[in-house]
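Here is how the chains run, residue by residue.
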Amino acid sequence: MLIVRHARAIPKDSWTGPDADRPLTAAGVRQAATFAQVVTRDLPVRRVLTSPTLRCEQTVAPLVAARRVPLLRRAALGVDGSARALLELLASDEADGAVLCTHGERLRDLFEAWHARGRHGVPSSDGRTRKGDAWLLRGYPSEDATVEYLVTPDLHRSGQ
């Protein structure tokens with residue numbers, strides 16, 4: 001499975017609407033398109049699970065269109081999700097072969113929970129995931145998964 005942090009979005013302090021409706025910037029839209037090309041070329045994808053926020057949905061929209069796979073919204077991936085709910089989702093059959101799109105906070109929670117459970121070889125909870133980048137998990141997520149950081153190419157010049 002692949003867990004991606006949403007691409008660059010309009011900054012919170014520049015957005016006056018509900019946070020869930022905050023869209024990607026033009027750079028974020030380009031990031032999403034590049035991410036879809038990388039994933040389309042390299043990985044099998046059965047479905048896409050996403051936070052119910054617009055910025056996450058926009059991040060995976062090009063991938064969903066290119067791969068013609070279902071897009072499913074999951075609260076566990078949302079801004080208000082919990083580490084426990086995310087761990088349960090990752091352990092479910094639904095996550096097998098899926099791309100999941102979430103937020104930096106949820107990724108930090110996930111890594112912190114793994115470390116608390118004695119998992120080794122996973123990023124530290126203070127490790128940062130750049131917007132638009134992803135973590136590839138191979139194996140069973142709660143026990144023996146190997147974790148590899150995937151960078152969306154050529155898009156980390158500024159505006160993280």
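Reference entry: report on the structure contained in this document. (Residues numbered from 1 in each chain as written. Predicted model: local features only at pLDDT ≥ 70, side-chain atom pairs only at ≥ 80, totals over all residues. Heavy atoms only, no water.)

1. Structural notes on the nonpolar core
Residues Ile 3, Leu 90, Leu 100, Leu 110, Trp 114 and Leu 137 are the most contacted members of the largest nonpolar core, which totals 20 residues. Residue assignment for this core shows that the elements contributing at least two residues are α3 (83-91), β4 (98-102), α4 (104-116) and β5 (134-138). When residues of this core are assigned to their parent elements, the largest contribution, 5 residues, is made by α4. One finds Phe 35, Val 48, Leu 63 and Leu 136 within the second-largest nonpolar core, a separate group that totals 17 residues. (Core = buried A, V, L, I, M, F, W, Y, C linked by side-chain atoms within 4.5 Å. Buried < 20%, exposed > 50% of the residue type's maximum accessible area, 1.4 Å probe, protein only. Helix = DSSP H or I, 4+ residues; strand = E, 2+ residues; numbered from the N terminus.)

2. What to know about unusual backbone geometry
Negative phi values dominate among residues other than glycine, just as trans dominates among peptide bonds. Here the phi dihedral of Arg 68 falls at roughly 55°; this positive angle occurs in a residue that is not glycine. Of note, Arg 68 is situated in the loop between α2 (54-67) and β3 (71-73).

3. Examining the packing of aromatic side chains
Here the structure, examined in full by the defined rule, presents 1 aromatic pair. Aromatic pair Phe 111 and Trp 135: ring centres 5.2 Å apart, planes at 80°, arrangement edge-to-face. Here Trp 135 lies in strand β5 and Phe 111 lies in helix α4, a separation of 24 residues in the sequence. A relative accessible area of 2% places Phe 111 in the buried class. The class of Trp 135 is buried, set by a relative accessible area of 10%. (Phe/Tyr/Trp six-rings, centres within 6.5 Å; stacked < 30°, edge-to-face > 60°.)

4. Brief notes about the pairing of β4
Every regular strand shows the same layout, with side chains that alternate between the two sheet faces. Buried residues dominate β4, accounting for 5 of its 5 residues. With burial as the criterion, each face of β4 is covered, one bearing Ala 98, Leu 100 and Thr 102 and the other bearing Val 99 and Cys 101. The pairing of strand β1 (residues 2-5) with β4 spans 4 bridges and is parallel. Within β4, the residue paired with Arg 5 across the bridge is Thr 102. Pairing between strand β2 (residues 47-50) and β4: 4 bridges, direction parallel. Paired with Val 48 across the strands is Val 99, a residue of β4. (Pairing = 2+ DSSP bridges.)

5. A look at the side chain of Arg 55
Within the secondary structure layout, Arg 55 lies in helix α2. Residue classification places Arg 55 among the buried residues on the basis of a relative accessible area of 2%. If sequence neighbours within four positions are ignored, Arg 55 has contacts with His 6, Ala 9, Asp 19, Arg 22, Pro 23, Leu 24, Val 79 and His 103. (Contact = heavy atoms within 4.5 Å.)

6. A short note on α2
In a regular helix each residue adds 1.5 Å, so 14 residues correspond to 20 Å; α2 covers 20 Å between its end C-alpha atoms and thus fits that length. The axis of α2 is deflected most strongly, by about 40°, at Val 60, and proline Pro 62 appears within four residues downstream. Positive backbone phi, approximately 55°, marks Arg 68, located one or two places after α2. (Expected span 1.5 Å × (residues − 1). Bend = angle between axes of the 7 residues up to and from the residue.)

On their own, these measurements won't tell you what the molecule is for.
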